[in-house]
Amino acid sequence: MQISDILKPEAVRVFGAASSKKRLFQEIADVAQLAYGLSSQTTVEALLDRESLGPTGVGHGVGLPHARLDGLDKVVGAFVKLDTPLEFGAVDRQPIDIAFALFAPEDAGVEHLKALALVSRTLREQSFCTKLRANPDPATLYTILTENQSVQAA
């Protein structure tokens, strides 16, 4: 599995700021609706339900919100970069400015876990995140996210 398998170019966005976690989830859901045809309301509810089990902020300014949704036939993702970091309840108590959301079919088992592992491993690289943070253009961000695959696959 590669990031290009789960992320479309139109699912990469840059936002100035989000006033709350719920507002960020709304922005992510709007991106997912445009890119994949997902219901924005259902997506927000699913992200909030998952977040109620424990925060998905993995540290170092990165959030990996994820949820299972009806109507999907494969795992898909949305990438959002915030110009102003948002308090997210991350494990290291640092605000996030990078969020990579994953949406999986209700019955996805291993595929969902593989996607989470791939994204987590990719965004754990500090130099990679620095590159993402330095680029304000969604097309450039998509290229960075997908061209790094050969390095991440090793």
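Residues numbered from 1 in each chain as written. Predicted model: local features only at pLDDT ≥ 70, side-chain atom pairs only at ≥ 80, totals over all residues. Heavy atoms only, no water.

(A) Structural detail: the pairing of strand S5 (residues 76-86). The buried fraction of S5 is high, at eight of eleven residues. Looking at chain direction, S5 and strand S6 (residues 96-105) are connected through seven bridges and run antiparallel. Paired with Ala78 across the bridge in S6 is Ala101. (Buried < 20%, exposed > 50% of the residue type's maximum accessible area, 1.4 Å probe, protein only. Helix = DSSP H or I, 4+ residues; strand = E, 2+ residues; numbered from the N terminus. Pairing = 2+ DSSP bridges.)

(B) Structural detail: the packing of helix H2 (residues 21-36) against helix H3 (residues 40-51). It is the contact of H2 with H3, at a shortest axis distance of 8 Å, that shows an interaxial angle of 135°. When the interaxial angle is binned, H2 and H3 end up oblique. The crossing of H2 and H3 is right-handed. Contacts from Lys21, Lys22, Phe25, Gln26, Ile28, Ala29, Asp30 and Gln33 in H2 reach Ser40, Thr43, Val44, Leu47, Leu48 and Glu51 in H3. (Axes fitted to C-alpha atoms, helices over the stretch in contact; angles between N-to-C directions. Parallel < 35°, antiparallel > 145°, perpendicular 65-115°, else oblique. Left-handed = near helix turned anticlockwise from the far one by under 90°. Contact = heavy atoms within 4.5 Å.)

(C) Quick peek at the nonpolar core. One finds Leu7, Leu24, Ile28, Phe100, Phe103 and Leu123 to be the most contacted residues of the largest nonpolar core, which totals 51 residues. Residues within four places of Phe103 in sequence aside, it is in contact with Ile28, Ala32, Leu38, Thr43, Leu47, Ala67, Leu69, Leu72, Lys74, Val75, Val76 and Ala78. (Core = buried A, V, L, I, M, F, W, Y, C linked by side-chain atoms within 4.5 Å.)

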